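Descriptive analysis of the structure
Below are the chains, spelled out letter by letter.
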Amino acid sequence: MFKTNGYISCHVEFEITGGSLQNLIQHQDKVVKDMNFSNRYNNLPSYLFAGLEKKAAQMRAQGIDLIDLGIGDPDLLPPNFFIESMRRHLNDPDTHLYPTSQGDPQVRQKIGRWFLGRFGVDLNPDEEICVTIGAKEGLANFSRLIVNPGDKVAVPDPAYPVYAQGGAILNDAVPVKLPLNPENGFIPDIAPAGECKLLYLNYPNNPTGAEAPAGFFSEVANFIESHPGTTVVHDAAYSEMTFGGYRSPSLLQFTRKAVEFHSMSKLFNATGFRVGFVVGDSRLIKGFAALKAQLDSGVPVFIQRAMADGLDMYDGGKPPEEVQANLQEYAQRRNLVEDRLDKLDWEVLKSRATFYVWAKVGEDEAATIDGALRKGVILTPGSGFGISGKGYVRLALCQPLARIEEAMDRLSESA
Ligand SMILES: Cc1ncc(COP(=O)(O)O)c(C=O)c1O
């Protein structure tokens, strides 16, 4: 951090997962801290890897071809049915009006139908479902329903940075880190969350790709029974990005006393359309919808309706063909990368979910990141996701197979 005349130049950690590398670099200038800004804003941690991005930008400016395996933004297009439905609903007579805070009632009906088909959990659309502006908005804003200044918020480490920053620091609360590592199978010991107001969980997991093993959600359900002062938030943004016959469970199959966030971003390759939903405990959902009424005006109804039509195309939890084809493509990419990194002796966490590959590369990942960049491949440093990510890199499989293969060839070249 560089401090001068009351201005602190700083780059926030959560930018690591959002937007393109270019946006990230441009954003650095905007994330300037100022004595007049709130403490909660100024308390956001500094971004450790500004140097890496600067170097990548310089290389690009020199015309060097970089293969970006850093950003988790799908390169594949949204399914036609999703886009077509959106076009159709643009002509709806109410599409220009303010959406309702909780989401269109018919959309919530269809979400409920999908949830029942997919997880066997029957939700009341009026009380247990709320549409969100993607998962990120909901994950961050939900904390404002629960967390007071000085409270503790339990977050996995490494993790999607929004939990610690949006969920804790921006509420003047204190993140309590629950380490994920090979020793615990990347599943946290949740006991310390007993002292926390909020506990964030995320399976299938970003950045590690880990799946929740049978038994973990039962343990969480028991924890909720014995710790009524801790609200549990499950981020299921990747629940539909699974391969090889694996179906990721919902926490709501084990307890209804929690909330779970779902997103269309990865399901329909639709990160830019900003739509998802939260389901769970009716008291929490009603509170959250009332909170949202003070913060935003919801998702445009034509986008909500495209989500609902898309979910309606599922057959008892079985995705429509276009979605299946996308998943096959991601599975192929994952198989290729896991295989090639094995040959490089990188310790890879084998997974049947997400488009992230998490690999241990040594005590400090900086040299690997730097070496990869010199070979024209951008990787994400594990410690950008928390201290327990040190020594790891994350590869996002959001490039065509041929480009990923080329990236693997480049990484295999001797330095
Ligand atoms: C674990 C996790 N949760 C939530 C999100 C955000 O999802 P959305 O695009 O729905 O806001 C991401 C995006 O990368 C993520 O990795």
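The name an unreviewed UniProt entry gives the chain is Aminotransferase, with candidate division LCP-89 bacterium B3_LCP as the organism. On record in UniProt, under Sequence similarities (unreviewed entry), the comment for the chain is "Belongs to the class-I pyridoxal-phosphate-dependent aminotransferase family." According to the UniProt record, the Cofactor (unreviewed entry) comment for the chain reads "pyridoxal 5'-phosphate".

1. Here's the deal with the overall build of the chain
Helix and strand counts for the chain stand at 14 helices and 16 strands. A compact globule built from 415 residues would reach a C-alpha radius of gyration of about 22 Å, and the chain, at 21 Å, matches this within 12%. Dimensions of the chain along its principal axes, counting C-alpha atoms only, are 60 × 50 × 45 Å. By residue count, 58% of the 415 residues in the chain fall in the buried class. Look at the contacts in the chain between residues 6 or more apart in sequence, and 75% of them connect residues 24 or more apart. For the chain, the exposed area adds up to about 17,200 Å²; of that, 51% sits on carbon and sulfur atoms. Taking the 41 positively charged and 51 negatively charged side chains of the chain as two groups, their mean positions are separated by 3 Å.

2. What to know about the confidence of the model for the chain
In this model, the chain carries an average pLDDT of 91, and 91% of its residues clear a pLDDT of 70 or more. When the criterion is pLDDT under 50, residues 1-30 qualifies, and its contacts beyond four places in sequence or with other chains add up to 73 contacts.

3. Looking at the sheet that holds strand S11 (residues 276-280)
A sheet is described by the order of its strands in space; here seven strands give the open sequence S5-S11-S10-S9-S8-S6-S7, paired in mixed fashion. On the outer flanks of this sheet lie strand S5 (129-132) and strand S7 (174-179), each paired with one strand and no other. The mean angle between the axes of side-by-side strands here comes to 25°, regardless of whether they run parallel or antiparallel. Against the sheet, helix H6 (residues 134-146) touches S5, strand S8 (198-202), strand S9 (231-235), strand S10 (259-263) and S11, its axis set at about 160° to S10. Strands S8 and S9 of the sheet are contacted by helix H8 (residues 216-226), whose axis makes an angle of about 155° with S9.

4. Some thoughts on the site of the ligand
Residues in close proximity to the ligand total 15 residues, the closest being Asn206, Asp235, Ser263, Ser265 and Arg274. At a separation of 2.5 Å, a nitrogen atom of the ligand approaches a polar side-chain atom of aspartate 235. Its free accessible area being 400 Å², the ligand has 95% of it covered by the protein chains. Per element, the largest residue contribution to the shell around the ligand is four residues, and it comes from H6. Taken together, the residues that form the shell around the ligand break down as six nonpolar, five polar and four charged.

Calculation rules
Residues numbered from 1 in each chain as written. Predicted model: local features only at pLDDT ≥ 70, side-chain atom pairs only at ≥ 80, totals over all residues. Heavy atoms only, no water. UniProt positions renumbered as here; feature names shortened; annotations may be inferred. Helix = DSSP H or I, 4+ residues; strand = E, 2+ residues; numbered from the N terminus. Rg over C-alpha atoms; globule rule 2.2 N^0.38 Å. Buried < 20%, exposed > 50% of the residue type's maximum accessible area, 1.4 Å probe, protein only. Contact = heavy atoms within 4.5 Å. Areas by Shrake-Rupley, 256 points an atom, 1.4 Å probe, with all protein chains shown as cover. Lys, Arg positive; Asp, Glu negative; His and termini not counted. Charge placed at Lys NZ, Arg CZ, Asp CG, Glu CD. pLDDT = per-residue confidence, 0-100. Pairing = 2+ DSSP bridges. Axes fitted to C-alpha atoms, helices over the stretch in contact; angles between N-to-C directions. Near = heavy atom within 4 Å. Polar contact = N/O pair within 3.5 Å; in protein donor to acceptor, adjacent residues only side chain to side chain. Nonpolar A, V, L, I, M, F, W, Y, C, P; charged D, E, K, R; others polar.

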